[in-house]
Amino acid sequence: MTLISFVVPAFRVQGYLRECLDSILGQPFADFEVIGVDDCSPDDSGEILAGYADRDARVRVLRLAENVGLGPARNAGLDRAVGEYVWFLDSDDWLAPDCLPEVAARLRESGPDVLIVDHVRRHWNETASPSALAEVFPAGVETDTFALVERPETLRLLHTAWNRLLRREFLLTSGLRFASGWYEDVSFTYPTLLAAERISVLDLVCVNYRQRRAGAITRTRGERHFEVFDQWDRVFRWLDGQGPEPQRLRPVVFERMLWHYLTVLGNGERIAPALRPAFFDRITAEVARRRPADALPSPGGTAGLKQRLVAGGHWHTFTALRLAHQATDTARARLTATRHRIHPVARATRDTLWQQYYRAELRRPVDETLAVYAAYWYRGYACNPAAVYEAARRLVPQVRGVWIVRADRVGSLPDGVEYVVAGTPAYHRVLARARWLVNNVNFPDFVRKRPGTVHVQTHHGTPVKVMGLDQQRYPVGAVGMDFAGLLRRVDRWDFSITANSFSTQMWERAYPADYTTLEYGYPRNDRLVTATAAEVRRLRARFGVTGAEPVVLYAPTHREHLPGYRPPFRPVQLLDTLGPGGRLLVRSHYFHDRDPARRSASAERILDVSGHDRVEDLYLAADVLVTDYSSAMFDYAVLDRPIVVYAPDHEAYRLARGVYLDVTAEPPGAVATDFAGLVELFRSGAVDAPAARQARQRFRARYCALDDGHAAERVVRRVFLGQHPENR
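Just so it is clear, the structure is predicted and the values come from calculations on it, not from any experiment.

Participant: An account of the overall build of the protein chain is needed here, citing residue identities and associated values.
Facilitator: For the protein chain, the count of helices and strands is 28 helices and 22 strands. Over its C-alpha atoms, taken along the principal directions, the protein chain stretches across nearly 95 × 65 × 50 Å. The buried share among the 728 residues of the protein chain stands at 55%. Only carbon and sulfur atoms are counted for the fraction: they give 51% of the accessible area of the protein chain, which is about 31500 Å².

Participant: Could you give me a rundown of the packing of helix H8 (residues 227-240) against helix H10 (residues 250-266), with the residues and numbers involved?
Facilitator: The interhelical angle for the contact between H8 and H10, taken along N-to-C directions, is 175°, at an axis separation of 11 Å. Here H8 is positioned roughly antiparallel relative to H10, judged by the angle of their axes. The residues of H10 that touch H8, namely those facing Val 228, Phe 229, Trp 232, Val 235, Phe 236, Leu 239 and Asp 240, are Arg 250, Val 253, Phe 254, Arg 256, Met 257, His 260 and Tyr 261. By residue class, the composition of the contact of H8 with H10 is 10 nonpolar, 1 polar and 3 charged.

Participant: Please provide a residue-by-residue account of the confidence of the model for the protein chain, values included.
Facilitator: With 93% of its residues at a pLDDT of 70 or more, the protein chain has an overall mean of 89. Per-residue pLDDT, averaged within each element of the protein chain, yields its smallest value for helix H22 (residues 599-602) (47) and its largest for strand E4 (residues 85-88) (98). When the criterion is pLDDT under 50, residues 339-347 qualifies, and its contacts beyond four places in sequence or with other chains add up to 2 contacts. Every residue in residues 589-601 is under pLDDT 50, and counting partners more than four places away or in other chains gives 23 contacts.

Participant: Talk me through the packing of aromatic side chains; I want residue IDs and the actual numbers.
Facilitator: Under the defined criterion, the tally for this structure stands at 36 aromatic pairs. An angle of 50° between the planes, with centres 4.8 Å apart, marks the rings of Tyr 381 and Trp 403 as tilted. Of the two residues, Tyr 381 sits in the loop between strand E10 (367-374) and helix H15 (383-395) while Trp 403 sits in strand E11 (residues 400-405), which places them 22 residues apart along the sequence. Residue classification places Tyr 381 among the buried positions, given a relative accessible area of 5%. The exposure class assigned to Trp 403 is buried, which follows from its relative accessible area of 0%. Summarising the aromatic geometry, the rings of Phe 634 and Phe 699 are spaced 5.1 Å apart at their centres and angled 35° between planes, so their arrangement reads as tilted. Of this pair, Phe 634 sits in helix H24 (residues 632-636) while Phe 699 sits in helix H27 (residues 690-703), and the two are 65 residues apart along the sequence. For Phe 634, a relative accessible area of 2% corresponds to the buried category. Taken together, the ring pairs in this structure connect Phe 226, Phe 229, Tyr 261 and Phe 279 into an aromatic cluster. Taking the ring centre of Phe 178 as reference, the NZ or CZ of Arg 74 above it sits at 4.9 Å. Positioned above the aromatic ring of Phe 229, the side-chain terminus of Arg 282 is 4.3 Å from the ring centre.

Participant: Got a sec to walk through the pairing of E10? Specific residues and values, please.
Facilitator: Where E10 lies against strand E13 (residues 434-439), 5 bridges are found, and the strand directions are parallel. When the bridges of E13 are listed, Ala 371 appears paired with Trp 436. Across 4 bridges, the pairing between E10 and E11 is parallel. Note that in E11 the partner of Leu 370 across the bridge is Arg 400. After leaving E10, the chain enters H15 and then returns to the sheet as E11, a path that is right-handed.

Rules behind the numbers
- Residues numbered from 1 in each chain as written.
- Predicted model: local features only at pLDDT ≥ 70, side-chain atom pairs only at ≥ 80, totals over all residues.
- Heavy atoms only, no water.
- Helix = DSSP H or I, 4+ residues; strand = E, 2+ residues; numbered from the N terminus.
- Buried < 20%, exposed > 50% of the residue type's maximum accessible area, 1.4 Å probe, protein only.
- Areas by Shrake-Rupley, 256 points an atom, 1.4 Å probe, with all protein chains shown as cover.
- Axes fitted to C-alpha atoms, helices over the stretch in contact; angles between N-to-C directions.
- Parallel < 35°, antiparallel > 145°, perpendicular 65-115°, else oblique.
- Contact = heavy atoms within 4.5 Å.
- Nonpolar A, V, L, I, M, F, W, Y, C, P; charged D, E, K, R; others polar.
- pLDDT = per-residue confidence, 0-100.
- Phe/Tyr/Trp six-rings, centres within 6.5 Å; stacked < 30°, edge-to-face > 60°.
- Lys NZ or Arg CZ within 6 Å of the ring centre and 35° of its normal.
- Pairing = 2+ DSSP bridges.
- Right-handed = clockwise from strand over helix to strand, strands pointing away.

Quick look at the structure:
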């Protein structure tokens, strides 16, 4: 018999599901199955589960015909489980590395009905806070099993389904199931502990409990939090149907109920101010209804005072106490900040005046016809913003588009493009008054999100390396990053444009906020789809290519964690392999170390295109792309031309910088891990051999399906016209 059945329900978790599944499948232990339950998820969670099932026989997928909610979805997974134990792991959490062997050892040694494991809360800012295990069991946890009446303090451990494994036969015999609705863990976990004859606790952190910045129920305000009363009602109705032994624990269960109600009430992210009096009244009624004659005495301090106030229905006094504590906490925080504040150097007078000018412009009305565009920190007219701008000129000509550029980049703008220079009065004026702000990076911190304005983040690539908050786990590549400032900038976004579902999933993790994702394809790639043969010939001629000679574009990514690093690359040797007519375009300055002795023979066939504004021109001109971890591969794949992944430092890059995708395992074509291997790929023809073509087709199907030449139009119709265009 399989030892453990993981039941992993999935609903709107596409940004986190891969990490959860990887944490299970990567354990040094194999006696388990994973039942992924697609709860009719509207995102790509179901496709992610299916992909894992295709690659790993230990994963099975159950697709529900309609969305039933977390509790019933867990029940459906339980019905399909075959393991001796069932572990209901939430799909946005993940297992600690190497924990399963110790879990399995405890299960086999003691055979408990319930095994509770430890966890840590992992916050979005990469801080962690421990569970209450050490407080509940200050003398440590013994390895023997016990019944709840022997250790009633066990009820003080977090009442979730994911921090415990349950013997499947015990669940089937007792008939315990999850109820529908929010707080479904309550009416399941407490009865299972009360019914279990053999409980064991493992003092080992096994679960990373993700504290999401956005999207979690615990951070969602609404009336559905009143469902907590229904779940506790189920607990007491179940308890009423049991024999005398569980009744001895009624005072402890009552104490946990009251604690839970006050916890929910005290969380300002759950109960809106208008609903707080009604929620308080429900607690008062439940206390009067459920209080046993031998109830535990109220604790001392503030906690006990709160319990007495709620039992007596003293809402106004309770509120005054809460406000007083909030004021005290605020004062303490300000005092701490004052003590630790490092006074910054005063800003230059000029910058101060510009800030004052900007604030003055904020008091003027928003210009309902003005859209401001920028790309790559004002380096010019490029990327997705340029494609959106061009589509907007055609589809919404009544909207005036203005570009922000640096003074030294004005000459790169196409004729007829209106612009302002960064740092000037006009720059501050348009930033303050524009109705739409479109950028492929973030606007400066001083920019404020005005009511009625629309901020569009187009991004500038499909991510291979980790980005945003995920970089906190890879500090080598995140030196100097201000993550709190990043989130303030992200909170300005109204729309995030993505090229594929993979990007959508990763951006949700990296940039958690309440923006709307437009999974429309990348606007800049429209040109790759619509370019004519004549346009391609003109571009090749622009780079000195007049015939059918092969053109290779080498575009490695930047190693920001390794300043000055150059991948081993000898352009002359590669050109020798291409033949006398071959051309090499280099999208960076890594070719400066080529052999001077051979430079005269080949220099005219090597062109530095690092300063070329429109990377799409380079894609169209090239016959083959050589890259490593750059998002260029996703864009170039639209052309269905050969791609070579040249990753000589793959393992070091993965460990130091972090990656979302192993491009050597799921490549868009042939792969080389050293320069000799790269040359051999070209010499042997493996660059475009059947195996490379098959890899490219798989890659295109996964990442390029939306690049149909109409992405910019879809963005403009949604953002500027409020329409909801369908992907073609």
